[in-house]
Amino acid sequence: MFRLTDKVVFLTGCGSVGAGWGNGKSIAVLFARQGARIFGVDINEAAARETQAIIQEEGGTCEIATGDVTDSAEVARLVEACMVRFGRIDVLVNNVGKSEPAIPGEMDEALWDSQLAVNLKSAFLCCQAVLPIMQKQGKGAVVSIASTAGIRYTGKPQAAYSAAKAGLIHFSKTTAITYAPHGIRMNCVLPGLMYTPLVDKLAEQFAGGDLEGFVAKRNAAVPIGKMGEGWDVAHAALFLASDEAKYVTATELVVDGGLTASPR
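The following paragraphs examine the structure supplied in this document. (Residues numbered from 1 in each chain as written. Predicted model: local features only at pLDDT ≥ 70, side-chain atom pairs only at ≥ 80, totals over all residues. Heavy atoms only, no water.)

1. Quick notes on the layout of surface pockets
Keep this limit in mind: For cavity detection a 1 Å grid was placed over the protein atoms alone, and a set of points counts as a cavity when a 1.4 Å probe fits there but cannot get out; an open set counts as a pocket when protein lies on both sides within 12 Å along at least five of seven lines, with lining residues being those that have an atom within 4 Å of a point. Grid points are joined across faces, edges and corners, and a volume is the space filled by probe spheres set on the points. Elements are defined by DSSP. Helices are runs of H or I of four residues or more, strands are runs of E of two residues or more, and each kind is numbered from the N terminus. For this scheme, ten residues count as nonpolar: Ala, Val, Leu, Ile, Met, Phe, Trp, Tyr, Cys and Pro. Four count as charged, namely Asp, Glu, Lys and Arg, and the remainder, Gly too, count as polar.
The volume enclosed by the largest pocket comes to roughly 1200 Å³. Broken down by secondary-structure element, the contributors of at least two residues to the lining of the largest pocket are α1 (23-33), β2 (37-42), α4 (109-137), α5 (159-179) and α6 (198-207). By residue number, the principal contributor to the lining of the largest pocket is α6, which donates 5 residues. The class makeup of the residues in the lining of the largest pocket is 20 nonpolar, 22 polar and 8 charged. In this structure, the second largest pocket spans a volume of roughly 400 Å³. Taken together, 16 residues line the second largest pocket, and the ones lying closest to its centre are Thr-154, Gly-155, Lys-156, Lys-217 and Arg-218. Listing elements by their share of the lining of the second largest pocket, those giving two or more residues are α6 and α7 (211-221). If one sorts the elements of the lining of the second largest pocket by residue count, α7 sits on top with 4 residues.

2. Brief notes about the packing of aromatic side chains
Heads up, the condition is: Think of it this way: a Phe, Tyr or Trp ring, Trp meaning its six-membered ring, pairs with another when their centres are within 6.5 Å, and the plane angle makes it stacked under 30 degrees, edge-to-face over 60, tilted otherwise. The cut-offs for exposure are 20% and 50% of the maximum accessible area for each residue type, with area from a 1.4 Å probe on protein chains only; residues under the lower value are buried, those over the upper are exposed, and the others partly exposed.
Applying the stated rule across the entire model yields 4 aromatic pairs. Here the aromatic rings of Phe-2 and Phe-239 are separated by 5.9 Å at their centres, their planes lie at 85°, and the arrangement is edge-to-face. Highlighted residues: Phe-2 in the segment before β1 (8-12) and Phe-239 in helix α8 (residues 230-241), separated in sequence by 237 residues. Using a relative accessible area of 26% as the deciding quantity, one classes Phe-2 as partly exposed. When the centroid spacing of 5.6 Å and the interplanar angle of 10° are considered together, the rings of Phe-10 and Phe-39 count as stacked.

Structure (structure tokens):
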């Protein structure tokens, strides 16, 4: 089940920000193991090449390209490169994202703009470029990695990030309805507290560098008792990208260990 044999996947943020398995790296490798041909995009070439090497060593297909997906000209170039290489795009995964702590009274306009650009505009630009291709093909699936921060306050002062992720969820819903008659499905994965390489940076931002204490606090906040990992996000994305989810569109798959349902 959940095979993606010969499907072409255009994946943004295919690398990890540090050692270990981030969401994008996990998605790329899992999808390739299920038979997909990956076109991975990342702003960090070294991170993208690490993902590519893993896939190729396992006998999979992965092409990479570097670029800034908050820039429309860059997105057009990257999508064209994918089309030249593979001739089609069956799955788009909008995975880039970045969280910065700030509340409106202490946030400058540039930070607000950058947060909306990386977390929301990037998905719009990729959809703007890829959806017409999928429409011509008569079929396609879009999976956007949002966040539980888009549906509730998660205890961190990240107003711009939360607003952008909420926007991504509703952008996906409304666009999914428009493109449903064309055989295109659009859904979001909403990760909760995940233990990825990004946690090290978050500990610097939100806990003064106390990684051990930060991890313990995040684990304690989850009803299951621990944070999830990039593979949990990847498996959720795999289901939504697969033909087994052919009747699933305009919705969200929450991957949070019960966090958003908890009164804590």
